[in-house]
Amino acid sequence: MVLITIISSIVALCMALMVFFVRMRAANKPASVKKIILPPFFMSSGFLMFLYPGFHVPVEYAIIAFFVGMLFSYPLIITSRFEVVGKDVYLKRSKAFVFILLGLVVIRLVLKTYISQYINVMETGSLFFVLAFGMIVPWRIAMYFSYLRVQRELDDKTILT
C-alpha cells in the first residue's frame, strides 16, 4: 500500500510538471474559448471510474473534496490573466504560477498521505480526482469570463479604428 501511495505521488508530480509545461506553451499561442473550456470536459471522462465499486466514496466526502478543490482554484484564478498582443488575446505568463502550482501539489501530497491512512487507495484516488475536478472547473469558468471580457474590449477597439 505504501508503494502504491509513492507511485501515485510520483504520477501527481509528473502531472503537475505537465500542467506547467502546457501552460507555458499555451502562453505562446493565442487563447480561444475552445482551449479554455475543453479541458474540464475531457477530464470529466474520469468520472467513469465510479462505475467500478472499488472507487465508490460517501457522497459527503466527494462534496467536501469538490469544495476543497474550489478553494484550491482561487490562487490559479488570480494568476490567470489575459492580455492583448496585436490583434489576439494571449494568456499572460505569471511568475507566481509555478510556485502556486508546486504549493498546491505539496498540499495535495500531504493530504493524500494523511487520508490514505484511513481509506483505501482507490477511494483516495477518487477523492483526489473530485478535488482536481473541483479545482479545474471554477478556474476555467473564471478564465472563460476573463477571456470574453478582454476579447470584447479588443473587438470594441477594432470597431473604433
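Structure: above.
Here the structure is a predicted model, which is why all the values come from computation and not from measurement. (Residues numbered from 1 in each chain as written. Predicted model: local features only at pLDDT ≥ 70, side-chain atom pairs only at ≥ 80, totals over all residues. Heavy atoms only, no water.)

Q: Where do I start with the environment of F55 in this structure?
A: Along the chain, F55 turns up in the loop between α2 (33–43) and α3 (59–78). Along the primary structure F55 and K29 are separated by 26 residues, whereas in three dimensions their C-alpha atoms are 38 Å apart. Contact partners of F55, with chain neighbours within four places excluded, come to M49, F50, M122 and S126. (Helix = DSSP H or I, 4+ residues; strand = E, 2+ residues; numbered from the N terminus. Contact = heavy atoms within 4.5 Å.)

Q: I tried to follow helix α4 (residues 95–115) on my own but got confused; where do I start?
A: Given 3.6 residues per turn, any residue in an α-helix points the same way as the ones three and four places further on. Over its 21 residues, α4 extends 31 Å from the first C-alpha to the last, a length consistent with the 30 Å expected when each residue adds 1.5 Å. By the burial criterion, the buried members of α4 are F97, I100, L101, L104, V105, L109 and K112. At the N-terminal end of α4, a side-chain oxygen is found 3.3 Å from the backbone nitrogen of A96, two or three residues along, and the residue is S94. (Expected span 1.5 Å × (residues − 1). Buried < 20%, exposed > 50% of the residue type's maximum accessible area, 1.4 Å probe, protein only. Polar contact = N/O pair within 3.5 Å; in protein donor to acceptor, adjacent residues only side chain to side chain.)

Q: Just checking my understanding: could you explain the nonpolar core for this structure?
A: In summary, soluble globular proteins display a tendency toward joint burial of nonpolar side chains. Residues L76, F82 and F97 are the most contacted members of the largest nonpolar core, which totals 30 residues. Those elements that provide at least two residues to this core are α1 (2–26), α3, β2 (88–92), α4 and α5 (121–160). Residue contributions to this core peak at 13 residues, all from α5. (Core = buried A, V, L, I, M, F, W, Y, C linked by side-chain atoms within 4.5 Å.)

Q: I keep staring at the pattern of salt bridges and nothing clicks. Help me out?
A: Tallied over the full model, the rule gives one salt bridge. The salt bridge involving E153 is made with R149; its shortest N-O contact spans 3.7 Å. Linking E153 with R149, this pair stays in helix α5, spanning four residues, or about one helical turn. Of the residues examined, E153 reaches a relative accessible area of 42% and is grouped as partly exposed. With relative accessibility at 41%, the residue R149 sits in the partly exposed group. (Salt bridge = Lys/Arg side-chain N within 4 Å of Asp/Glu carboxyl O.)

Q: Hey, could you run me through the side chain of K112 in this one?
A: For K112, the position within the fold is in helix α4. With no salt bridge to any partner, buried K112 finds its closest opposite charge in E123, at an N-O distance of 14 Å. (Lys, Arg positive; Asp, Glu negative; His and termini not counted.)

Q: Please explain a positive patch on the surface as it appears in this structure.
A: Taken together, the side chains of R25, K29, K34 and K35 define a basic patch exposed on the protein surface. Tracing the backbone shows K34 in helix α2. Overall, K34 belongs to the exposed group, its relative accessible area being 58%. (Patch = residues over 30% accessible without salt bridge, like charges linked within 9 Å, V, L, I, M, F, W, Y side chains within 5 Å. Areas by Shrake-Rupley, 256 points an atom, 1.4 Å probe, with all protein chains shown as cover. Charge placed at Lys NZ, Arg CZ, Asp CG, Glu CD.)

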